[in-house]
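Per-entry structural report
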Amino acid sequence: MRICKYPFVFLPAIGIFLNGCAVLDKIEAPSIGGGPATSSFVVVKAEVLVRGAFDITTSQQLQGGVLLRTDGSNRIEGRAAADLIIFPDLPPGEYSLIRIQTTWQQGPIVRSNTYDIPPDKVLNYVFDVKLGEPKYLGVVTIEDARNPNIRGISYGINDNKNEEIAAWEKISQIYQGSAWVSEVQKRLSELRQ
């Protein structure tokens with residue numbers, strides 16, 4: 001379960017708490033920019049864990065990510081909102097996810113982490129975007145092992161229909177009233193068939 005990173009003290013009901021998170025997601029989300037007639041829209045879900053001593057895992061908080069156009073002509077930064085990395089207003093073309101940025105709490109200290117996709121794995125994260133197409137890359141998994149006996153970072157990606165549905169439902173809420181909502185609803189209809 002996602003816990004709002006800006007908890008409010010003594011909320012009288014869970015519904016108010018969850019609505020507060022939804023409002024904050026809208027505030028944190030990047031501007032939608034252009035619409036389907038002029039651009040593309042990409043969403044990435046990422047699950048990033050630090051595995052420490054005694055196999056204790058800590059989830060990291062997404063901050064953003066970076067896409068690179070495969071011809072090297074364009075580097076696009078996305079921002080995190082609602083546990084997703086959002087890249088709005090992209091020109092059509094072929095891109096690769098090259099970086100994910102996170103923070104995690106270690107006691108009283110907040111640490112920043114940057115995970116660059118290794119060159120030998122970068123082809124797993126290449127995708128095409130078309131004009132007017134809402135694109136979901138998938139669930140990117142990163143496990144950062146910091147156990148004294150096991151160290152290293154493992155990267156993965158998987159395509160899960162239910163995760164994609166959940167992602168587009170969040171996008172519909174965040175960008176209510178935008179030109180992209182009808183395209184996202186079309187994609188949701190396809191997924192639910």
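All figures in this text were calculated on a predicted structure; none of them were measured in a lab.

1. Thoughts on the overall build of the protein
Counting secondary structure elements, the protein contains three helices and ten strands. From first element to last, N terminus to C terminus, the protein shows the α and β order α-β-β-β-β-β-β-β-β-β-β-α-α. When burial is assessed residue by residue, the protein has 45% of its 193 residues classed as buried. Considering only contacts in the protein between residues 6 or more positions apart, those separated by 24 or more positions represent 64%. Counting only carbon and sulfur atoms, one obtains 53% of the accessible surface of the protein, whose full area is about 10,400 Å².

2. Structural notes on the packing of aromatic side chains
Each aromatic ring pair is specified by the distance between its two centres and by the angle formed by the two planes. Scanning the model with the defined rule gives four aromatic pairs in all. Seen from their ring centres, Phe41 and Trp168 are 6.4 Å apart, and the 45° between their planes marks the pair as tilted. Highlighted residues: Phe41 in strand β1 (residues 40–51) and Trp168 in helix α2 (residues 161–174), separated in sequence by 127 residues. Among the residues examined, Phe41 registers a relative accessible area of 0% and is labelled buried.

3. Quick notes on the packing of α2 against helix α3 (residues 180–192)
Closest axis-to-axis distance for the α2/α3 pair is 10 Å, and the angle between their directions is 155°. Here α2 lies roughly antiparallel to α3, going by the angle between them. Taken as a pair, α2 and α3 cross one another with a handedness that is left-handed. Of the residues in α3, those in contact with Lys161, Glu164, Ile165, Trp168, Glu169, Ile171 and Ser172 of α2 are Val181, Val184, Gln185, Arg187, Leu188, Leu191 and Arg192. Partitioned by chemical class, the residues of the contact of α2 with α3 number seven nonpolar, two polar and five charged.

4. Here's the deal with the nonpolar core
Among the nonpolar cores identified, the biggest contains 25 residues, and Val44, Leu67, Phe87, Leu97, Ile100 and Val140 are the most heavily contacted of them. For this core, the element with the most residues is β1, which contributes five residues. Ignoring any residue separated from it by four or fewer positions in sequence, one finds Val140 in contact with Val44, Lys45, Ala46, Glu47, Leu97, Ile100, Tyr125, Gly156 and Ile157. With 20 residues, the next largest nonpolar core counts Phe41, Ile86, Tyr136 and Ile165 among its residues.

About the criteria used
- Just so you know, the residues in each chain are numbered from 1, in the order the chain's sequence is written.
- Owing to the predicted nature of the model, reporting of local features is limited to residues with pLDDT of at least 70; listing and counting of side-chain atom pairs is limited to 80 or more, with chain, interface and lining totals taken over all residues.
- Neither water nor hydrogens contribute to the side-chain values; these are computed over all heavy atoms in the structure.
- Runs of E in the DSSP output that reach at least two residues are strands. Runs of H or I that reach at least four are helices, and both are numbered from the N terminus.
- Each residue is assigned to one of three classes by its accessible area relative to the maximum for its type, calculated with a 1.4 Å probe on protein chains only: buried under 20%, partly exposed between the two thresholds, exposed over 50%.
- Any two residues whose heavy atoms approach within 4.5 Å at even a single point are treated as in contact.
- Only the protein chains shown count as covering a residue, and every accessible area follows the Shrake-Rupley method with a 1.4 Å probe.
- Here a Phe, Tyr or Trp ring, Trp counted by its six-membered ring, pairs with any other such ring whose centre lies within 6.5 Å, and the pair is stacked when the planes are under 30 degrees apart, edge-to-face when over 60, and tilted otherwise.
- As a rule, the C-alpha atoms of each element are fitted with a line to give its axis, helices using only the stretch in contact, and angles between N-to-C directions run from 0 to 180 degrees.
- By definition in this entry, angles of less than 35 degrees are roughly parallel, angles greater than 145 are roughly antiparallel, angles of 65 to 115 are roughly perpendicular, and the rest are oblique.
- The sense of a crossing depends on the near helix, which, turned anticlockwise from the far helix by less than a right angle, makes the crossing left-handed and, turned clockwise, makes it right-handed.
- Only Asp, Glu, Lys and Arg are considered charged in this grouping, and only Ala, Val, Leu, Ile, Met, Phe, Trp, Tyr, Cys and Pro are considered nonpolar; every other residue, Gly among them, is considered polar.
- Residues belong to a common nonpolar core when they are buried Ala, Val, Leu, Ile, Met, Phe, Trp, Tyr or Cys residues joined through side-chain atoms within 4.5 Å.

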